[in-house]
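Below, each chain spelled out in residue letters.
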Amino acid sequence: MIEHDPKLNVLAPIEIRPRLDRLERLVRRSGGGRMTRAEALGLAGLALLAAAGCGGKTSTGGGGGASSSGAADPLAGKPIESNLVIYNWSQYDDPSTYKSFKTQNHVAIKETYYSSNDELLAKLQAGGTGYDIIVPSQNAVGELVQLGSLMKLDKALIPNASAVESSWVKTAYDPTGDYKVVKDFGVTMFFYNNTIVTEKPTTMKQFYDLLPKYGRVGRTNLMDGAEEVVPLALMALGYDPNTGDPAELDKAKNFLLSIRSGVTTIDSSNYINDASAGKIILGQGWNGDVRRIISARKKQGDITAVLPQDTSEKWADNWCIPATAPDPVAAHAWINHLCDPAVAVTEMEYHNYPIPIQAALDQTPAELKNDPLFNVPTSYTDHYKFILNPSQEIVNARTQIYTAFQSA
Amino acid sequence: MSDQSIDYDVEFRAITKRFGSLVAVNGVSLKVRKGEFLSLLGPSGCGKTTSLRMIAGFEQPDEGELLIGGSDAVGIPPYRRDVNTVFQQYALFPHMSILDNVCYGLKQRKVSRRERRAKAGEALELVQLTGRDSHRPAMLSGGQQQRVALARALVMNPRVLLLDEPLGALDLKLRKEMQIELKRIQDQVGITFIYVTHDQEEALSMSDRVAVMSNGVIEQLDTPRAIYDHPLTAFVADFIGDMNFLEGRVAESADGGYAIDAGEGVVVRGRGHPAGAAIVRVGIRPERIVVERGNGSGTANSARCEVLTKMYLGDQVQLILRLANGSEFVVREQRTSAAPAIDSLEPGDTATARWDEAAPLLMADLQPQKDGE
Amino acid sequence: MTSETIQPPKRSPRRRSFAPRYPGWLTAPSLIYYMIFFLGPLAILVVFSVATQAGFGSVSYTFSTSQFKALNDPLYIKVFRQTMLMAAGGTALTIAIGYPVAYWMSRYLTRYKTLALLLVIVPFWTSFLIRTYALKIILDPQGYLAHFVEWTGISSQFNVLYTGKAVAIGLAYNYLPLLILPVYASLERMDWKLVEAATDLGASPFKAFRQITLPLTLPGLITGALLVFIPMCGEYVIPQLLGGGQFAFVGTVIGSNFLGAQNWPFGSAMAIAFMVLLSIFVVIYIAFATREEQFGA
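A.B. asks: When you look at the domain arrangement of chain B in this model, what are you seeing that I'm missing?
C.D. replies: How big an interface is tends to be stated in terms of the accessible area lost upon association of its parts. On domain assignment, one finds that chain B holds domain 1 (2-230) and domain 2 (242-363). Taking only C-alpha atoms into account, the centre of domain 1 of chain B sits 40 Å from that of domain 2 of chain B.

What follows is the structure, given as structure tokens:
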């Protein structure tokens, strides 16, 4: 749980540690490649290499869901296993959730953590088995489905999942809705200092267009990573964020370069602190973070948060079960437990991200459920789009555009 | 006498230099004559190197005046002094060729390249080291490096050349050769040399004058011969050459002569005038003593003794004797003949040691001269 | 004495027979470790760099120079150049700060030398990231340093954070010990009599430093400069934190290709190409190192 601390920019290594962890995982959100401290030391990169090299896997391309157990109800009637192994982002679930699951099901839980979707993918591709539950973001789900690494969920074992809002069941990255249950979600929006920025931008395009003007006045910020910068620009131009059309990508590139001089920083991990201290006058942000910035600037009241009118990014983290899960029944029971509205309420109070279960949302405290920055209205999310990694070519093209943008 | 200072290249006026609580140089006065070869001689820690470094400008005196070429040098940095130094370990620039080393000083003076080369060539010729211009110092032997260091300083044609134990790192044979060489060069160029050494033989053989230093003061400043023959203090007497000491009560003193009773029938009769003291000390050089077999009479300047050891020093035979009063004497004799008389003596033999009246030197233990000219 | 002048330089022959000799195979464990954990990843990089992509995070092992050809693009040449320039700036700043510190430690400290050395290394004992965050606070335009600088009137607006200056400061700060240590070592080996000799011959202190001290400590300085320059080129945390993500270092681009795009072949090719480029600097360094041996210092 993160409350705002006005002294956020005062160095206190021990205290900020969980905060840093949290920031990192926020940063990873859309499958991005920002660094962690471990990576800063070259460890993760090495691990990645080692995993790739030692695994020696020549998994050439997505081979379709061959290994996913598509047979009807193979789990029906099976007894619940006594173990559950969760591979998760750190500090992403309320401790009471584990406790209640253990007492209800008599299952011993073992949890290990990762800090990026890439780490998760690398681990699974290198033959990492033994996990019952994983929590990939939307683009990673798409890749894992392609690779056939996910188990088709047995909905009969997850009765509570029927409460999940229908728009979050069949999603672009899981069109059949068979491989995941959405854990929580968020959107990318923007904010500005209303004492300086006098125009009242309402769309992402307007936001971008104001950058060259205000980049000279104060600090402006974009979310970093190729997978944020390029698709968001594509959306602002009215294109599909996941497009592979070279002409559209080229237009996005030129658009980005045209506003480059107005961008002071490209950063997803520190902007909360800086914006809370009033240092960013125009910037993008994820709704959970912007909520905290607004509350930090309550006294000054100088920050206006905008959920873009037309379109923007939405993202989701998802409960999935690897095809190789040793304890599939317990895994299903876990997902079912998390979809229990009572549990979902405590979870949301813990991590401050909405879970698309109306019954649970209704029970959240008023300051949460009435806050559009938390409970983002479906009128917005319905138009928002998931940023995915449709193909390696598109990802490469985005990375190249991003490099050009950065070095410009 | 400041009006005469111009006759002196370097002048110390009551200079004191301290390092923390240690007094390295204690109120030293010294005048170095133009064109002379002056040695500062003494054991390590006597203040000779500190004195040299003050002339060079690496150290500044705490008290007193320092004049170089008649003008005040206190506070003037080394690079603005008309003196140059030959360092003990040569201090050649390892990253430069021999020629560049020798040219270095001229380059600082902005002498033209052509002139630099010509002068460096002359200097290298002077020290007899030619044909190695492009070598690096590390490729030369110790003696050759020494020559380069000398050339590097001489090429500057300084008012005074300071040499800080320049031959210390060379072996004996080479050292002897270089001593002759240095003297030759000094005669040739006529520059004032101030030479620091702890090797008395080196100092005596090359110098016009020698300043013997001890504990930060000059004990005696004189020509090599005077220093050897008439040491003013026991320290000088002992430090320069070998000296046998006897101590005793003045038995008689008159007419420029005296007699001292050193006990057990050892009586020394000599020339001079013991200055009032009841107990005095005399020194006798080993080469001034003659040893004869047998029990001589216990008269003045003739003492009975026992031979303790015998050594061959090549050109000399050396005996260590114990006199009747217990004093130990060193005696040497040149092996001018195939079997000198001294050679017949063996350890354990009884003998008589004799010397003439001119041999005993009265040790005044005077305070060193304050105005050492 | 003329005979002495033509003697060849003396060299003491090496007397191996008196030194204990240990059998060479004793190094086998170290060599095996080295091969697996140092050369191994390098070999994997080389294999990746000539492979092609085949879907997410997988490669097909072929021999293809397409990755290297893709590198020959104005974009990446610009990234290389930008990186080298920033690293060169950082190295210059590191030298400007580190050399005087090393000089001071070597020449002016006697009793506290070891303590000073320790203090130089102490920052290495805390997390690199935390230190960089701390630097961010110091460089903050609303921080104390900014107030101080604006108060003194040195600059009316202290706006360093998220600029190339901040990156250079961060680079210099984080790599300073790597420069100080070799420079300090070379200064410790320096014979200060040579500087005395130079001033004795009429060189001012500045000239003596430039003509004697600097050339003689240059090998140490070059070692230090390379020790900082090379990792600076691969840096990607500092440009992100202190440059506000505005600077595309080679390390950043390799990182985003490896982690973001999972384009291992391209990331590897870039890494290899950059390694080759840096090797040129190492060759220069080795040339210097052999020159140092010639001095016999």
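A.B. asks: What is the right way to read the nonpolar core from this model?
C.D. replies: Looking at soluble globular proteins, one finds that nonpolar side chains tend to be buried together. Counting residues in each nonpolar core, the largest one holds 148 residues, and the members touching the most others are Ile 194 of chain B together with Ile 212 and Met 270 of chain C. The greatest single-element share of this core, amounting to 11 residues, is contributed by helix 4 (residues 74-108) of chain C. When neighbours within four sequence positions are excluded, Ile 212 of chain C is seen to be in contact with Phe 93, His 95, Met 96 and Tyr 104 of chain B together with Met 190, Leu 194, Val 195, Ala 198 and Lys 207 of chain C. Grouped together as the second largest cluster of nonpolar side chains are 57 residues, Leu 84, Trp 89, Leu 121 and Leu 361 of chain A included.

A.B. asks: Any chance you could explain the packing of aromatic side chains here in plain terms?
C.D. replies: Here a ring pair, both rings aromatic, is described through the centre-centre distance and the interplanar angle of the planes. Within the structure shown, the criterion is met by 32 aromatic pairs over all chains. Aromatic pair Tyr 99 of chain C and Phe 209 of chain C: ring centres 5.7 Å apart, planes at 85°, arrangement edge-to-face. In this pair, Tyr 99 of chain C sits in helix 4 while Phe 209 of chain C sits in helix 10 (residues 205-233), placing the two residues 110 residues apart along the sequence. What makes Tyr 99 of chain C buried here is its relative accessible area of 7%. Of the aromatic side chains, those joined through ring pairs into one cluster are Tyr 87, Trp 89, Tyr 114 and Tyr 131 of chain A. The residue whose ring lies beneath Arg 281 of chain B is Phe 245 of chain B, and the NZ or CZ to ring-centre distance is 4.6 Å. Above the face of the Tyr 228 of chain B ring, Arg 285 of chain B is positioned so that its terminal group lies 3.8 Å from the ring centre.

A.B. asks: Please clarify how the packing of helix 17 (residues 392-407) of chain A against helix 4 of chain C should be interpreted in this entry.
C.D. replies: What describes two packed helices is the angle between their axes and the distance between those same axes. The contact between helix 17 of chain A and helix 4 of chain C brings their axes to 10 Å, and the two run at 45°. Relative to helix 4 of chain C, helix 17 of chain A is oriented oblique. When the axes of helix 17 of chain A and helix 4 of chain C are compared, the crossing they make is left-handed. Along the contact surface, helix 17 of chain A presents Gln 400, Thr 403, Ala 404 and Ser 407 of chain A, while helix 4 of chain C presents Leu 75, Tyr 76, Lys 78, Val 79 and Gln 82 of chain C. A per-class count over the contact of helix 17 of chain A with helix 4 of chain C returns four nonpolar, four polar and one charged.

A.B. asks: How should I be thinking about the sheet that holds strand 11 (residues 244-254) of chain B in this particular structure?
C.D. replies: Remark on secondary structure: sheet strands pair via backbone hydrogen bonds, oriented parallel or antiparallel. Residue and element names in this part refer to chain B. Taken together, the five strands give an open sheet; going across it, the order is 13-12-11-14-20, and neighbouring strands pair in antiparallel fashion. Single-partner strands in this sheet number two, and they are strand 13 (267-271) and strand 20 (361-363). For this sheet, the mean inter-axis angle between neighbouring strands, taken without regard to orientation, is 45°. Two elements, strand 11 and strand 14 (residues 279-284), share six bridges in a ladder whose sense is antiparallel. Its bridge partner being in strand 14, Gly 248 is matched across the sheet by Val 280.

A.B. asks: I tried to follow the side chain of Asn 263 of chain C on my own but got confused; where do I start?
C.D. replies: Examined against the element boundaries, Asn 263 of chain C turns out to sit in the loop between helix 12 (250-260) and helix 13 (264-295). Judged by its relative accessible area of 5%, Asn 263 of chain C is buried. For Asn 263 of chain C, the residues in contact, after removing those within four places along its chain, are Gln 392 and Asn 396 of chain A together with Gln 53, Asn 257 and Phe 258 of chain C.

A.B. asks: Can you walk me through the interface of chain B and chain C in this structure?
C.D. replies: Counting residues at the interface gives 34 residues for chain B and 27 residues for chain C. Both faces combined, the contact of chain B with chain C buries some 2,800 Å², and carbon together with sulfur accounts for 57% of it. Considering only the surface of chain B that becomes buried against chain C, Tyr 79, His 95 and Gln 108 of chain B emerge as the three largest contributors, covering 22% of it. Counting the contacts that link chain B with chain C gives one salt bridge. The partner of Arg 53 of chain B in a salt bridge is Glu 196 of chain C, and the shortest N-O contact between them spans 2.6 Å. Put simply, chain B and chain C have seven residue pairs in polar contact (both at pLDDT 80 or more) between them. The set of elements that each furnish at least two residues to the side of chain B that touches chain C consists of helix 1 (48-56), strand 6 (83-86), helix 2 (98-108), helix 4 (142-154) and helix 5 (172-189) of chain B. For the side of chain B that touches chain C, the element with the most residues is helix 4 of chain B, which contributes four residues.

A.B. asks: How do you make sense of the confidence of the model for chain C when you look at a structure like this?
C.D. replies: Close inspection of predicted coordinates is inappropriate for parts of the model with low pLDDT. All names here are of chain C. Model confidence for chain C is summarised by a mean pLDDT of 85, while 90% of its residues fall at 70 or above. When mean pLDDT is taken per element in chain C, helix 9 (residues 193-200) scores highest with 95 and helix 1 (residues 2-5) scores lowest with 44. Note that residues 1-6 has pLDDT below 50 and, in this model, 17 contacts with residues that lie over four places away or in other chains. In the model output, the complex is listed with pTM 0.75 alongside ipTM 0.82.

A.B. asks: I keep staring at the sheet that holds strand 8 (residues 192-197) of chain B and nothing clicks. Help me out?
C.D. replies: All names here are of chain B. With mixed pairing, the six strands of this open sheet are ordered in space as 6-7-8-3-9-10. Two strands in the sheet have a free side with no partner beyond their single neighbour: strand 6 and strand 10 (217-222). If you compare each strand with its neighbour and ignore which way they point, the axes differ by 20° on average. Relative to strand 7 (residues 160-164), strand 6 is paired through four bridges, and the arrangement is parallel. Within strand 7, the residue paired with Asn 84 across the bridge is Leu 161.

Here is what the cut-offs are and how they apply
- Residues numbered from 1 in each chain as written.
- Chains lettered and ligands numbered in written order.
- Predicted model: local features only at pLDDT ≥ 70, side-chain atom pairs only at ≥ 80, totals over all residues.
- Heavy atoms only, no water.
- Domains from an automatic or database assignment.
- Core = buried A, V, L, I, M, F, W, Y, C linked by side-chain atoms within 4.5 Å.
- Buried < 20%, exposed > 50% of the residue type's maximum accessible area, 1.4 Å probe, protein only.
- Helix = DSSP H or I, 4+ residues; strand = E, 2+ residues; numbered from the N terminus.
- Contact = heavy atoms within 4.5 Å.
- Phe/Tyr/Trp six-rings, centres within 6.5 Å; stacked < 30°, edge-to-face > 60°.
- Lys NZ or Arg CZ within 6 Å of the ring centre and 35° of its normal.
- Axes fitted to C-alpha atoms, helices over the stretch in contact; angles between N-to-C directions.
- Parallel < 35°, antiparallel > 145°, perpendicular 65-115°, else oblique.
- Left-handed = near helix turned anticlockwise from the far one by under 90°.
- Nonpolar A, V, L, I, M, F, W, Y, C, P; charged D, E, K, R; others polar.
- Pairing = 2+ DSSP bridges.
- Buried area = accessible area lost by both parts, 1.4 Å probe.
- Salt bridge = Lys/Arg side-chain N within 4 Å of Asp/Glu carboxyl O.
- Polar contact = N/O pair within 3.5 Å; in protein donor to acceptor, adjacent residues only side chain to side chain.
- pLDDT = per-residue confidence, 0-100.

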